[in-house]
Amino acid sequence: MAPTHVLRCCQRGLAWIPVIFIALVVCWSYYAYVVELCIFVYLIFFHLSFVMFVWSYWKTIFTKPANPSKEFCLPKAEKERYEKEERPESQQEILWRAASSLPLYTRTGAGAIRYCDRCQVIKPDRCHHCSACDMCVLKMDHHCPWVNNCVGFSNYKFFILFLAYSLVYCLFIAATVLQYFIKFWTNELTDTPAKFHVLFLFFVAAMFCISILSLFSYHLWLVGKNRSTIEAFRAPVFRTGSDKNGFSLGFRKNIAQVFGDQKKYWLLPVFTSQGDGLTFPTRLVNTDVEQATVTLQSEPSKSAADITVSPLSESQNRLLSNEQHANNVGDHLANNTLKSAESETITISMESES
C-alpha cells in the first residue's frame, strides 16, 4: 500500500509542473514589461489584462469539479445486489429500477444505463469519469494539464475566460513590443539588459498567441453548438439514437447556458452558468430531412430498458423555444402522418418524456 500511496503523491506533485511553468512565464513577463521595458503609457491596460488573466486562471485551477449528487448513488440494498450479481442483464435491471426516478436521457452505445463502477454512481447526462482526477465530473469537457484540473460544469466559463484573457494579454504584449523588436534587429536599440527581454517577450507572446488562438476558437465553436470536447468526438446517445446536436437549443440559448442570462457578468470570472449540472434541456424533436414520411413513434411495451424517467424541471424547460414546443406530446403517442403540398412526407421521431 505504501508504494502505491507514494506513487500517487509523486503523480500529484508532477501534475503541477505545467502550472508552475505557466506561473513562472507570467511572472517573468510582468517583470520584463513593467520593470525592464517600462512603457508608462501602456501600463494601465497592461495591468487590467494581467489582473483579469490571473483571476480567471486562478478560478480555473482552484474551482473544484462538480460531482454527481447522492440521489445518483445506488441505495445500499440495491448496491449490494448489484455487486453480487454476475449477469450483466440482472445488473442492468437493478440500474433501470434505480434510474426510474432520475432525469436521465442519455444511454451507453448499447442503450444501457450509464454507470460508473469506480465511483459507484449512475452517471447524469453529460457526466464522465476523469481518470486523472479519479472522479465523475458533471458536464466534463476535458482534463487540462495546464491548469491541473478537470474542466467541466463548475469551471468551464472560467476556462473560456482564461483563454480569452490570456490571448488578449499576449496580443497586447506582442503588439506593443513589436516596435522595439524591430529596433533590436536594426541595431537602433541601445545596448541594455532590456534588449534581451524585448527579444524574448515578443517571441514568447507570439508563440502563445498562435497556440491559444486555435484553442480559444475551437471552444467558442463548442459553446455555440452546446457541445463538450468529449461530445464533439463521440455524439451522446439518447433513447432515439445518437445525436450530436441533442443538447443544442439555438446559438443564443447555448451561450446563455455557459455564461448566464445577465450579460454584465459575462466577462467576469464569477459563476453564472445556468442549471445544476445534473440535468440539461434536450431537443425533444429529432428531424431527418432525408426521410420521406412523418411518423410519431409510439412507445413499445414496457421493459427494463424502457422505464420512463422524470421530465425536465420547469427552470430547464424555459430554455426550449416555442417552436420546439409546437407539437404537444400526451401521455401516449399516436401515429399521425403530415403530408406536404407536394405530397411528400417527412418523418419526425418523438418520444414521450412523461
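For the structure, check the block above.
What counts and how
- All chains use their own residue numbering, which begins from 1 and follows the written sequence.
- Since the coordinates come from a predicted model, pLDDT governs what is reported: local features require at least 70, and pairs of side-chain atoms require 80 or more to be given and counted, while whole-chain, interface and lining totals use all residues.
- The side-chain figures draw on all heavy atoms in the structure; neither hydrogens nor water molecules are used.
- Put simply, buried Ala, Val, Leu, Ile, Met, Phe, Trp, Tyr and Cys residues joined by side-chain atoms within 4.5 Å make one nonpolar core.
- Accessible area is worked out with a 1.4 Å probe on protein chains only. A residue is then buried under 20% of its type maximum, exposed over 50%, and partly exposed in between.
- Only DSSP runs of H or I with at least four residues qualify as helices, and only runs of E with at least two residues qualify as strands; both kinds are numbered from the N terminus onward.
- Contact criterion: two residues are considered in contact whenever any of their non-hydrogen atoms come within 4.5 Å of each other.
- Strands were regarded as paired on the criterion that DSSP finds at least two bridges between them.
- Two rings from Phe, Tyr or Trp (for Trp, the six-membered ring) form a pair when their centres are within 6.5 Å of each other. A pair whose planes differ by under 30 degrees is stacked, one over 60 is edge-to-face, and the rest are tilted.
- The criterion for a charge sitting over a ring is simple: Lys NZ or Arg CZ within 6 Å of the ring centre, and within 35 degrees of the ring normal.
- Every axis corresponds to a line fitted to the C-alpha atoms, with the helix fit spanning only the stretch in contact, and the corresponding angles, defined between N-to-C directions, vary from 0 to 180 degrees.
- Orientation is classified from the angle alone, with under 35 degrees giving roughly parallel, over 145 giving roughly antiparallel, 65 to 115 giving roughly perpendicular, and any other angle giving oblique.
- Gly is put with the polar residues, along with every residue not named as nonpolar or charged; the nonpolar set is Ala, Val, Leu, Ile, Met, Phe, Trp, Tyr, Cys and Pro, and the charged set is Asp, Glu, Lys and Arg.

1. As for the nonpolar core
Tyr33, Tyr156, Ile173 and Val177 are the most contacted members of the largest nonpolar core, which has 51 residues in total. At the level of secondary structure, the elements contributing two or more residues to this core comprise helix 2 (17-37), helix 3 (43-62), helix 6 (156-185), helix 7 (194-225) and helix 9 (251-259). Those residues in contact with Val177 that sit more than four places away from it in its chain are Tyr33, Leu37, Val198, Leu201 and Phe202. Counting residues in hydrophobic clusters, the runner-up holds 24 residues, among them Trp96, Ala99, Leu104 and Phe280.

2. A few points about the sheet that holds strand 9 (residues 241-242)
Two pairing modes exist for strands in a sheet, parallel and antiparallel, and in both the strands are linked by backbone hydrogen bonds. Ordered in space as 1-8-9, the 3 strands form an open sheet in which the pairing is antiparallel. Looking at strand neighbours, the two that pair on one side only are strand 1 (106-107) and strand 9, the edges of this open sheet.

3. Some words on the packing of aromatic side chains
On inspection of all chains with the given rule, the structure shows 26 aromatic pairs. Seen from their ring centres, Phe53 and Tyr57 are 6.1 Å apart, and the 5° between their planes marks the pair as stacked. Within this pair, Phe53 and its partner Tyr57 are both found in helix 3, separated by 4 residues, close to a single helical turn. By relative accessible area, which is 5% here, Phe53 ends up buried. Overall, Tyr57 belongs to the buried group, its relative accessible area being 8%. Between Phe153 and Phe271, the ring centres sit 5.6 Å apart and the planes meet at 70°, which makes this aromatic pair edge-to-face. Taken together, the residues Phe153 in the loop between strand 7 (149-151) and helix 6 and Phe271 in the loop between helix 9 and strand 10 (285-288) connect sequence positions 118 residues apart. Given the relative accessible area of 9%, Phe153 is considered buried. Classification of Phe271 as partly exposed rests on a relative accessible area of 41%. Note that Arg126 overlies the ring of Phe247, its terminal NZ or CZ placed 4.4 Å from the centroid. The lysine or arginine in question, Arg126, covers the ring of Phe280, its NZ or CZ lying 5.0 Å from the ring centre.

4. Side note on the packing of helix 2 against helix 3
At a minimum axis distance of 12 Å, the contact between helix 2 and helix 3 shows a crossing angle of 170°. It follows that helix 2 is roughly antiparallel to helix 3 by the angle criterion. Where helix 2 approaches helix 3, its residues Val19, Ile22, Val26, Ser29, Tyr30, Tyr33 and Val34 are matched on the opposing element by Leu43, Phe46, His47, Phe50, Phe53, Tyr57 and Ile61. Class assignment of the residues belonging to the contact of helix 2 with helix 3 gives a composition of 12 nonpolar, 2 polar and no charged.

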